[in-house]
Amino acid sequence: MLCTTIIGYLLFAHPQKITVIHKWAKSSNRWMDRGAAVSFIVCAKKGQQITESFAMADRVLLDSDDMVQKDCGWLLKENCKYYTDLVYEYVIKPVVHYE
């Protein structure tokens with residue numbers, strides 16, 4: 001709830017803070033990885049930060065934790081409401097694993 005509400009609205013109001021959230025991804029802590037992905041939900045629900053959402057999805061999509069992958073799916077689903085074609089193209093492109 002913290003990430004999908006408070007931090008999400010913080011990112012929406014202050015997009016310059018997004019770089020901090022990207023640092024959370026690929027943590028050894030599953031909660032940091034999950035928090036990074038769902039922090040973009042507020043922006044996605046408002047049709048904002050699609051490029052940053054895709055960058056986050058790139059970071060967590062292949063995570064070994066299924067809950068992190070589910071949160072990535074949730075993020076993509078919310079983006080799909082405004083950017084259906086872009087999300088479709090993202091989903092069907094070859095997967096690139098970022099370290």
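Note: the structure precedes this text.
Residues numbered from 1 in each chain as written. Predicted model: local features only at pLDDT ≥ 70, side-chain atom pairs only at ≥ 80, totals over all residues. Heavy atoms only, no water.

### What to know about the overall build of the protein
Across its full length, the protein holds 7 helices and 0 strands. What you see in the protein, going N to C, is helices and strands ordered as α-α-α-α-α-α-α. By the compact-globule yardstick of 13 Å for 99 residues, the protein fits well, its C-alpha radius of gyration being 12 Å. Along the first, second and third principal axes, the C-alpha atoms of the protein reach 30 × 30 × 20 Å. The buried share of the protein, reckoned over its 99 residues, is 41%. Of the contacts made within the protein by residues no fewer than 6 positions apart, 64% connect residues no fewer than 24 positions apart. Total accessible area on the protein is roughly 5,900 Å²; 59% of this is exposed by carbon and sulfur atoms. (Helix = DSSP H or I, 4+ residues; strand = E, 2+ residues; numbered from the N terminus. Rg over C-alpha atoms; globule rule 2.2 N^0.38 Å. Buried < 20%, exposed > 50% of the residue type's maximum accessible area, 1.4 Å probe, protein only. Contact = heavy atoms within 4.5 Å. Areas by Shrake-Rupley, 256 points an atom, 1.4 Å probe, with all protein chains shown as cover.)

### Focus: the environment of Val87
Mapped onto the elements of the fold, Val87 is located in helix α7 (residues 84–92). In this structure Val87 comes out as buried when scored by relative accessible area, which is 5%. Put simply, Val87 and Leu61 are 26 residues apart on the chain and 13 Å apart in space, counted from C-alpha to C-alpha. Sequence-distant contacts of Val87, defined by excluding residues within four places in its chain, comprise Phe54, Leu76, Asn79 and Cys80.

### Focus: helix α3 (residues 30–38)
Taken as a whole, α3 has its buried residues at Asp33, Arg34, Gly35, Ala36, Ala37 and Val38. The inward-facing, buried residues of α3 contact α1 (3–13), α2 (18–24), α4 (41–45), α5 (50–60) and α6 (66–80). You can read the cap of α3 off the contacts: a side-chain oxygen lies 2.7 Å from the backbone nitrogen of Trp31, and it is on Asn29. (Polar contact = N/O pair within 3.5 Å; in protein donor to acceptor, adjacent residues only side chain to side chain.)

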